[in-house]
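Chain and residue survey
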Amino acid sequence: MPWKEVPTMSLKEEFVLLAGQEGANIRQLCRRFSISPKTAYKWIARFNQQGSAGLANRARRPATSPARTSAELETLVLQEREKHPAWGGRKLHCILTSQYPNLDIPHPNTITDILRRHNCLQGPYTPPHNSHTWHRFEHPSPNDLWQMDFKGYFSTTAQGYCYPLTVLDDHSRFSVALKACPNEQRLTVQSHLIDIFRVYGLPARIAMDNGSPWGDGASPYTALTVWLLRLGVGVSHSRPYHPQTQGKDERFHRTMKAELLYNRVFANIEQCQRSFDEWRDEYNLHRPHEALGMQVPPSRYKPSGVEYPEQLSPIEYPQVGTEGVVAIRKVQGRGELYYQGKEWGVSKAFRGYYVALKQTETEGVLDVYFCHHKVGRIDVCSSSPTPDPNV
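Residues numbered from 1 in each chain as written. Predicted model: local features only at pLDDT ≥ 70, side-chain atom pairs only at ≥ 80, totals over all residues. Heavy atoms only, no water.

Points about the overall build of the protein chain
Counted only if it meets this: The secondary structure listing takes helices from DSSP runs of H or I that are at least 4 residues long and strands from runs of E that are at least 2 residues long, numbered from the N terminus. Here's how the labels work: a residue is buried when its accessible area is under 20% of the maximum for its type, exposed when over 50%, partly exposed in between, all with a 1.4 Å probe on protein chains only. In this description, accessible areas are obtained by the Shrake-Rupley approach with a 1.4 Å probe, and a residue is regarded as covered only by the protein chains that are shown.
Across its full length, the protein chain carries ten helices and 13 strands. Here the protein chain holds 391 residues, and the buried ones make up 47% of them. Counting every atom, the protein chain has about 20,500 Å² of accessible surface; 49% of that belongs to carbon and sulfur.

Right under this line is the structure:
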């Protein structure tokens with residue numbers, strides 16, 4: 001599993017933060033992170049007693065710190081800014097206060113003034129803070145919705161292009177995955193999703209845009225989204241040319257550009273992934289998030305309780321005449337089905353599969369279901385079905 005490549009310290013910290021969530025299933029987490037319960041409870045106990053320092057295998061900075069002069073405090077601010085070139089006064093204040101609880105850390109506005117005096121605000125682009133109060137919509141619980149997308153692509157010096165695949169939990173802003181991919185092909189994405197599902201479980205729904213491999217322009221369904229539907233994961237697509245409908249993932253991309261990709265050159269996919277892993281740990285475990293009240297995403301995230309099935313269950317529908325089912329039809333090679341002597345186009349993505357036609361409240365109007373998901377609608381007075389408006 002790819003978790004063997006993650007630095008031990010960040011793996012321990014992520015585990016204990018997830019294990020500390022209300023209702024967390026410790027045994028399930030142990031299986032997913034491939035550790036024993038004995039080790040898990042040892043990590044938790046040390047973390048509860050000493051915080052992050054208790055998870056390290058080497059000596060950490062003492063809990064107490066002598067008083068510093070203004071010059072020393074200023075140096076401390078500049079050193080932290082050097083580690084995080086895109087962070088502003090509020091984030092630096094939050095992280096310094098956490099790291100040095102015994103110091104009188106300057107106010108965020110004072111930290112901003114320090115950065116300005118030392119010409120530190122001319123670095124990588126940081127999206128400006130807007131004083132307008134925006135209403136942020138978010139789903140009420142972790143794993144209600146994940147947002148998934150590719151953050152464009154960039155070239156490496158020795159191995160072609162890198163396509164960063166990002167998966168973000170809508171409720172917590174937890175970066176579920178950040179993967180360096182050599183292409184945008186279905187099998188590449190599906191392989192990464194399997195690894196993700198094995199650790200974090202299945203979400204209720206994943207939102208994505210209309211491009212490949214989760215859309216083909218003519219239909220919102222592809223082999224990848226059909227596989228997700230078979231797993232019981234709902235799929236939805238953003239409005240064409242409206243990336244703001246996946247606003248949190250787009251915001252994640254801007255942060256990633258400013259803090260990770262700005263002025264960087266990578267040799268190959270492997271180097272990209274190492275840098276992605278390091279930055280993802282920083283983003284998830286240490287970077288304060290204003291939308292979360294300056295907390296870190298694991299403070300609001302816990303893995304899904306729905307396990308990934310290693311084998312897909314067979315597709316079963318209620319018998320015709322029960323639960324509103326009026327017919328069960330097999331989708332043919334061009335993505336069509338036949339009902340009442342007419343040909344109805346559904347999607348090539350479903351060819352070879354059976355779908356159920358269910359009666360709606362309107363006479364002559366039938367909903368097309370694949371597994372438990374409505375994927376279209378047939379009006380027997382019309383010439384072609386309409387796609388599910390919720391997709």
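Past the structure itself, the notes keep going.
Let's talk about the packing of helix α5 (residues 89-99) against helix α6 (residues 108-117)
Counted only if it meets this: To define axes, lines are fitted to C-alpha atoms, for helices over the stretch in contact only, and angles between the resulting N-to-C directions are given on a 0 to 180 degree scale. Working definition: roughly parallel below 35 degrees, roughly antiparallel above 145 degrees, roughly perpendicular at 65 to 115 degrees, and oblique for all remaining angles. Handedness of each helix crossing follows the sense of rotation of the near helix against the far helix: counterclockwise by less than a right angle gives left-handed, clockwise gives right-handed. What makes two residues a contact is simply this: any of their non-hydrogen atoms within 4.5 Å.
Across the interface, α5 lies against α6 with an axial gap of 8 Å and an inter-helix angle of 115°. Judged by the angle between their axes, α5 and α6 are roughly perpendicular. By crossing handedness, the relation of α5 to α6 is classed as right-handed. Residue-level contacts link G89, R90, L92, H93 and L96 of α5 to P108, I111, T112 and L115 of α6.

Structural notes on the pattern of salt bridges
Defined as follows: Any Lys or Arg side-chain nitrogen located within 4 Å of an Asp or Glu carboxyl oxygen qualifies as a salt bridge.
Under the criterion given, the structure shown has ten salt bridges. One salt bridge connects E14 with R280, and the closest N-O pair in it is separated by 4.0 Å. With E14 in helix α1 (residues 8-19) and R280 in helix α10 (residues 269-286), this pair connects stretches of sequence that are 266 residues apart. With respect to burial, E14 and R280 carry one shared label: buried. When salt bridges that share partners are traced, they join R31, R32 and E307 into one network.

Describing the environment of L366
Residue position: L366 is located in strand β11 (residues 365-370). Of the residues examined, L366 reaches a relative accessible area of 2% and is grouped as buried. The residues touching L366, leaving out its near neighbours within four places in the chain, are V326, Y339, L357, K358, Q359, T360, G376, R377 and I378.

A look at the packing of α1 against helix α3 (residues 37-50)
Spelled out, the test is: In this classification, the charged set is Asp, Glu, Lys and Arg, the nonpolar set is Ala, Val, Leu, Ile, Met, Phe, Trp, Tyr, Cys and Pro, and all remaining amino acids, among them Gly, are polar.
Axis separation between α1 and α3 bottoms out at 10 Å; the angle between their running directions is 85°. Viewed along their axes, α1 and α3 adopt a mutual orientation that is roughly perpendicular. From α1, K12, F15, V16, L17 and A19 reach across to α3, where they touch A40, W43, I44 and F47. Here the contact of α1 with α3 is composed, by residue class, of eight nonpolar, no polar and one charged.

So, the confidence of the model for the protein chain
As a reminder of what qualifies: The pLDDT score gives, residue by residue, the confidence of the prediction method on a 0 to 100 scale.
On average, residues of the protein chain score 82 in pLDDT, and 86% of them are at 70 or above. Between the elements of the protein chain, mean pLDDT differs from a low of 58, seen in strand β13 (residues 386-387), to a high of 96, seen in helix α7 (residues 186-200). Every residue in residues 1-6 is under pLDDT 50, and counting partners more than four places away or in other chains gives 13 contacts. Note that residues 124-135 has pLDDT below 50 and, in this model, ten contacts with residues that lie over four places away or in other chains.

Observations regarding the nonpolar core
Using the following cut-off: As used here, the term nonpolar core means buried Ala, Val, Leu, Ile, Met, Phe, Trp, Tyr and Cys residues forming a set that is joined through side-chain atoms within 4.5 Å.
Core analysis: the biggest nonpolar cluster contains 68 residues, and F15 and F197 have the highest contact counts within it. No other element matches α7, which puts seven residues into this core. For F15, the residues in contact, after removing those within four places along its chain, are L29, C30, F33, I35, A40, W43 and I44. Among the nonpolar cores identified, the runner-up in size contains 15 residues, and F266, C272, W279 and Y283 belong to it.

With respect to the packing of aromatic side chains
The condition that has to hold: Planes of paired rings set the category: under 30 degrees apart is stacked, over 60 is edge-to-face and the rest tilted, where pairs are Phe, Tyr or Trp rings (Trp by its six-membered ring) whose centres lie within 6.5 Å.
Summed over the entire model, instances satisfying the criterion amount to 18 aromatic pairs. The interplanar angle of 85° and the centroid separation of 4.9 Å between the aromatic rings of F252 and Y283 together place this pair among those described as edge-to-face. With F252 in helix α9 (residues 247-261) and Y283 in helix α10, this pair connects stretches of sequence that are 31 residues apart. Per residue, the accessibility class of F252 equals that of Y283, and both read buried. When the ring of F350 is compared with that of F370, the centres are 5.0 Å apart and the planes differ by 55°; the resulting orientation is tilted.

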